[in-house]
Amino acid sequence: MKTKHIFVICVIAFILSATTDASAQKIKIKVDESNEHIGNGKNPALVVSIYDATPDEVEKEWKSLMKDYKGKMSTSDGVFADNAVIQSINGNNTIDVYAKTEKAKDGETKLIVAFDLGGAFLSSSNSNDKFKEAKKIVNDFAIKTTKDAIAGQRKAAEKVLDNLQDEQKDLEKKKEKLNSNIEDYKAKIEDYNNKIKEAQDDLAK
């Protein structure tokens with residue numbers, strides 16, 4: 001019982017910390033521009049850290065986003081969206097979008113994204129307005145994915161807590177029943193003692 005109580009307290013502490021840390025995690029989200037090995041060479045790319053989600057989970061969510069832009073998907077090396085249509089960046093003209101993930105450390109995944117406009121990779125130097133739109137897409141994705149990951153962990157922790165509370169209730173009911181049985185047996189023993197005494201008195205007579 002004591003061990004279970006301690007574990008329940010730890011779970012509650014986790015839930016509280018996950019909730020309070022959500023805003024802190026958003027503060028850490030920052031999209032940087034750098035040259036990365038992506039898109040069959042070293043090209044301009046956007047890099048952002050996403051928290052509390054694994055590389056596989058981030059890739060899955062990014063793939064879902066690229067499908068919204070009607071990109072033809074390939075996942076042989078990261079996630080490649082061929083001929084995506086992102087109107088906020090390039091109107092009705094298609095874009096090839098390369099993305100890959102790396103585990104930075106526990107609880108942190110690095111997402112690297114490069115946008116090929118057709119002959120040139122998007123950067124702040126060759127098209128600042130388009131670059132800002134691309135940066136916004138990556139930033140919004142990182143914030144949403146982080147928030148969803150934290151919410152998922154909170155939900156899982158709440159489920160564990162509910163199960164432990166149910167177990168605790170069952171144990172308390174069992175304890176009450178055992179205590180009731182003990183009292184019943186005490187009464188029976190007292191009754192048997194009285195009968196034994198009566199029998200002894202009868203034998204003496």
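Rules of the game
- Residues numbered from 1 in each chain as written.
- Predicted model: local features only at pLDDT ≥ 70, side-chain atom pairs only at ≥ 80, totals over all residues.
- Heavy atoms only, no water.
- Helix = DSSP H or I, 4+ residues; strand = E, 2+ residues; numbered from the N terminus.
- Buried < 20%, exposed > 50% of the residue type's maximum accessible area, 1.4 Å probe, protein only.
- Contact = heavy atoms within 4.5 Å.
- Areas by Shrake-Rupley, 256 points an atom, 1.4 Å probe, with all protein chains shown as cover.
- Core = buried A, V, L, I, M, F, W, Y, C linked by side-chain atoms within 4.5 Å.
- Phe/Tyr/Trp six-rings, centres within 6.5 Å; stacked < 30°, edge-to-face > 60°.
- Salt bridge = Lys/Arg side-chain N within 4 Å of Asp/Glu carboxyl O.
- Pairing = 2+ DSSP bridges.
- Axes fitted to C-alpha atoms, helices over the stretch in contact; angles between N-to-C directions.
- pLDDT = per-residue confidence, 0-100.

### Some thoughts on the overall build of the protein
In terms of regular secondary structure, the protein is built from four helices and six strands. What you see in the protein, going N to C, is helices and strands ordered as α-β-β-α-β-β-α-β-β-α. For the protein, the residues scored as buried account for 30% of the 205 residues in total. Long-range pairs, those at least 24 residues apart, make up 53% of the contacts in the protein between residues at least 6 apart in sequence. Surface accessibility of the protein: about 13,400 Å² in total, with carbon and sulfur atoms responsible for 51%.

### What to know about the nonpolar core
Among the nonpolar cores identified, the biggest contains 30 residues, and W62, V97, L111 and F115 are the most heavily contacted of them. It is helix 4 (residues 128–204) that contributes the most residues to this core, seven residues altogether. What L111 contacts, discounting residues up to four positions off in sequence, is L46, V47, V48, I50, V58, W62, A99, K100, T101 and F141. Residues Y98, I112, A114 and F121 belong to the second largest nonpolar core, which totals seven residues.

### A closer look at the side chain of N90
You can see N90 is positioned in helix 3 (residues 87–90). Ignoring anything within four residues of it in the chain, the contact list for N90 reads I95, L117 and K130.

### Side note on the packing of aromatic side chains
Following the criterion strictly, the structure yields three aromatic pairs and no others. Between the aromatic rings of W62 and F141, the centroid separation amounts to 5.0 Å while the plane-to-plane angle is 85°, which identifies the pairing as edge-to-face. In this pair, W62 is assigned in helix 2 (residues 55–68) and F141 in helix 4, connecting sequence segments 79 residues apart. F141 sits in the buried class, given a relative accessible area of 8%. With centroids separated by 5.9 Å and ring planes inclined at 35°, the aromatic side chains of Y98 and F121 adopt a geometry described as tilted. With Y98 in strand 5 (residues 95–105) and F121 in the loop between strand 6 (108–116) and helix 4, the pair connects residues that are 23 residues apart, well separated along the chain. Take Y98 and F121: they sit in the same class, and that class is buried.

### A look at the pattern of salt bridges
This structure, assessed with the given rule, holds six salt bridges. K136 is the partner of D140 in a salt bridge, and the nearest nitrogen-oxygen pair spans 2.8 Å. On the criterion of helical spacing, the pair formed by D140 and K136 is a turn pair, its members being four residues apart in helix 4. Residue classification places K136 among the partly exposed positions, given a relative accessible area of 48%. Between E183 and K186 there is a salt bridge, and its shortest N-O distance comes to 3.9 Å. A residue pair is termed a helical-turn pair when its members lie 3 or 4 positions apart in one helix, as E183 and K186 do in helix 4 at three residues. When its relative accessible area of 47% is taken as the criterion, E183 is described as partly exposed.

### Overview of the sheet that holds strand 3 (residues 72–74)
Pairing is antiparallel across the open sheet formed by six strands, whose spatial order is 1-2-6-5-4-3. A single partner strand is all that each edge strand has here, and the edge strands are strand 1 (32–37) and strand 3. With direction set aside, neighbouring strand axes in the sheet form an average angle of 30°.

### Here's the deal with the confidence of the model for the protein
For the protein, per-residue confidence averages 83 on the pLDDT scale, and 86% of positions sit at 70 or higher. Predicted confidence for residues 20–27 stays below pLDDT 50, and this span has seven contacts to residues more than four positions away or in other chains.

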